[in-house]
Structure formats: structure tokens, C-alpha cells
Amino acid sequence: MRTDYQCLLVEQEGGVLTVTMNRPEKLNAFNDTMLEELTEVVETAAQDDSVRCLVITGAGRAFGSGQDLTTFAARTEAHTMKVSEHLTNYHRLVFAIRNAPKPVIAAIQGVAAGISCNIALACDMRIAADNARFIEAFARIGLVPDGGGGFFLPRLVGMGRALEMSMLADEVSGLEAERIGLVNKCVPLAEFESTTKAFAQRLAKGPTRTYALIKELIYKSVESDLPTTLRLEGELQDKAFETADHREGVTAFLQKRPAQYTGH
Ligand code: LHQ
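What counts as what
- Residues numbered from 1 in each chain as written.
- Predicted model: local features only at pLDDT ≥ 70, side-chain atom pairs only at ≥ 80, totals over all residues.
- Heavy atoms only, no water.
- Axes fitted to C-alpha atoms, helices over the stretch in contact; angles between N-to-C directions.
- Helix = DSSP H or I, 4+ residues; strand = E, 2+ residues; numbered from the N terminus.
- Parallel < 35°, antiparallel > 145°, perpendicular 65-115°, else oblique.
- Contact = heavy atoms within 4.5 Å.
- Nonpolar A, V, L, I, M, F, W, Y, C, P; charged D, E, K, R; others polar.
- Left-handed = near helix turned anticlockwise from the far one by under 90°.
- Disulfide = S-S within 2.5 Å.
- Buried < 20%, exposed > 50% of the residue type's maximum accessible area, 1.4 Å probe, protein only.

(A) View of the packing of helix H9 (residues 208–221) against helix H10 (residues 226–241). One way to put it is that H9 packs onto H10 with a least axis distance of 10 Å and a crossing angle of 175°. The pairing of H9 with H10 is recorded here as roughly antiparallel in orientation. Residues Thr210, Leu213, Glu216, Leu217, Lys220 and Ser221 of H9 form the contact with H10, whose own contacting residues are Thr229, Leu232, Glu233, Leu236, Lys239 and Ala240. For the contact of H9 with H10, the class distribution of residues is five nonpolar, three polar and four charged.

See below:
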């Protein structure tokens, strides 16, 4: 894995790759370089068998403040680009996260606003610190949620909440985010790093190929009907049955010892 990025810190510990967006003076607002680099890391990590869990987080006091408005405003005023064209770059990142055959976790402390919030929602699971502030900031500047927000929000929190968050653009705290299902868990800031690490390491030691199949099953099911999902379940279970980790799981159970999954 390349680690010499301009706007990211990238560190691998065991099977966990932690990618830290690193523009703290701008609260990790996305510029083109950071977006390109993050997409490249996720796409590369998806193919790298030594990475079995990916964590995306932010440096300093924020997860991220959305699109860097200083550079973007200059560009739109000059009419050099349509916003929808620019958004396709974010969509590549959203697909990279979704299609990665391994768990991708967002670890959020401080503010997660605009498209940074929605990149967190694109991840498979979220851990928040109790100082987290989720803001669908778009309507504050007269925009609709982008970066997949219109897809992820109602699926995570339901229609009413999704519309309220998108229209009023009020802050949602980490604790409230946990209550409404926007994040998996919210922990005190002092425990945030250790909790994230333990959670990610646990996932990285799991049956990784099966996790990829679980991602496929769960994500396809929310856009599907029961007969189709049950058919898919059978296809994926056939694949899971063939994995070394399934054999190891059964053997470990019979031998009354913890399973040692290799991710194969
Ligand atoms: C920033 C930013 C920022 C640059 C803080 N840019 N500098 C839109 C357009 C096109 C295509 C793609 O899609 C998008 C999607 C979007 O993401 S739209 C939403 C964009 N984001 C926002 O509207 C949020 C703007 N930021 C804020 O409202 C506040 O900064 C928040 C609520 C995030 C944090 O507030 P505070 O904790 O009070 O921090 P602060 O406002 O003092 O910010 C600290 C510094 O970071 C400050 O710079 P300075 O030089 O004064 O210290 C800010 O200007 C800078 N900053 N967000 N997005």
C-alpha cells in the first residue's frame, strides 16, 4: 500500500487499514486531491488481501466539513464545471466503499457536515464519539443532499427524519445519532480511539470472504423482494460453505476453541 499521500495519513496495523483525512485547518473539507487520494486508497485496499477492515476517519477536531467551499465557489463562479460532473468523482468513492469486499467503518469525532457526513453514511458501519455533530448542511446553502445522502439517509433513519435532517440541516449529536440508528454506537471521546481499534481489529480477524457475501446479501435485500432475496441467500450460502473459514469455524466449535479465521 502507498502511504505517501498529500492529504491523507494511511497506516496499517495487522489487517486494519486506517485512512485519516488530513486537512485539519479546513476541518478536513474535501478538495480534489483529498477526494482522489481517498478514492485511490479505498480502491487499492479493496483488492489487497492483507487489508481485512478499512477505517476512514478525520484528523484534528473534525471528521470533515464537506466540499471545500473556498475552492469550489471560485470554480462555479468561473463556470468551468457543472456540479453534476464534479459529483461523479464522489460517486466513484461511494461505489468503492460499497463494492469493497470487506467491512469499511467510518470513525467520526467532531463535525461531519455536507458530503463528508454522507461519505460516513456510505460506509458499512459508523462509530461516533460523543462530541460528534452530524449536519446535512446542504440546505443551509440551498443545495440538496449529495454524495448518496438521498439514498442512505432514509434507509438508515426513515423518511421523516431524513427529510427533517435534509430540510432544517440542524446538528444531530453523536448520542442522538446512536438513538436514531444513524451510527452503530456512540462512545465517550476518551474511549473513541480504543473502541474503534477494538471494533476494527475484531472485524479484521473475522471470516472476510463471508463478510463480503454478507455485504452483498444485506445491500441487495433492501432493493429487492423476499423471493429474490431468498434465492440470493442460497447462492451466497453455497459460496460461504466452500470457504476455509466456514470449515475452520465448524472445526473450532467441535474442538471447543476460538476460531482462527484467515479470511479465505
Ligand atoms: C471550511 C469549510 C468548508 C472550506 C469549515 N470549506 N473551509 C457542494 C458543492 C459542490 C459539489 C459537491 O457537493 C457539495 C457538497 C457539500 O458538501 S455542501 C456542504 C459544504 N459544507 C458546508 O456548508 C459546511 C461549511 N462549514 C460550516 O458550516 C462550519 O465550518 C462547521 C459547522 C462545519 C463547523 O463550524 P465550527 O466548528 O464553528 O468551525 P469554523 O466554522 O470556525 O471552521 C474552522 C475553519 O474551517 C474555518 O476557517 P478559518 O480560516 O476561519 O479558521 C472555516 O472557514 C473552515 N471551513 N468548513 N466546507
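(B) Fine view of the packing of helix H5 (residues 149–157) against helix H6 (residues 159–168). For the pair H5 and H6, the least separation of the axes is 7 Å and the interaxial angle reads 130°. The angle between H5 and H6 places the two elements in the oblique class. The two elements H5 and H6 meet at a crossing, and its hand is right-handed. Contacts from Leu153, Pro154 and Val157 of H5 reach H6 at Met159, Arg161, Ala162, Met165 and Ser166.

(C) Quick look at the state of the cysteines. Scanning all chains against the criterion turns up zero disulfides. Between Cys123, a cysteine without a disulfide, and Cys53, which holds the nearest cysteine sulfur, the sulfur-to-sulfur distance is 10 Å. Note on Cys186: no disulfide assigned, nearest cysteine sulfur contributed by Cys117 at a separation of 14 Å. Classification of Cys186 by relative accessible area gives buried; the value is 11%.

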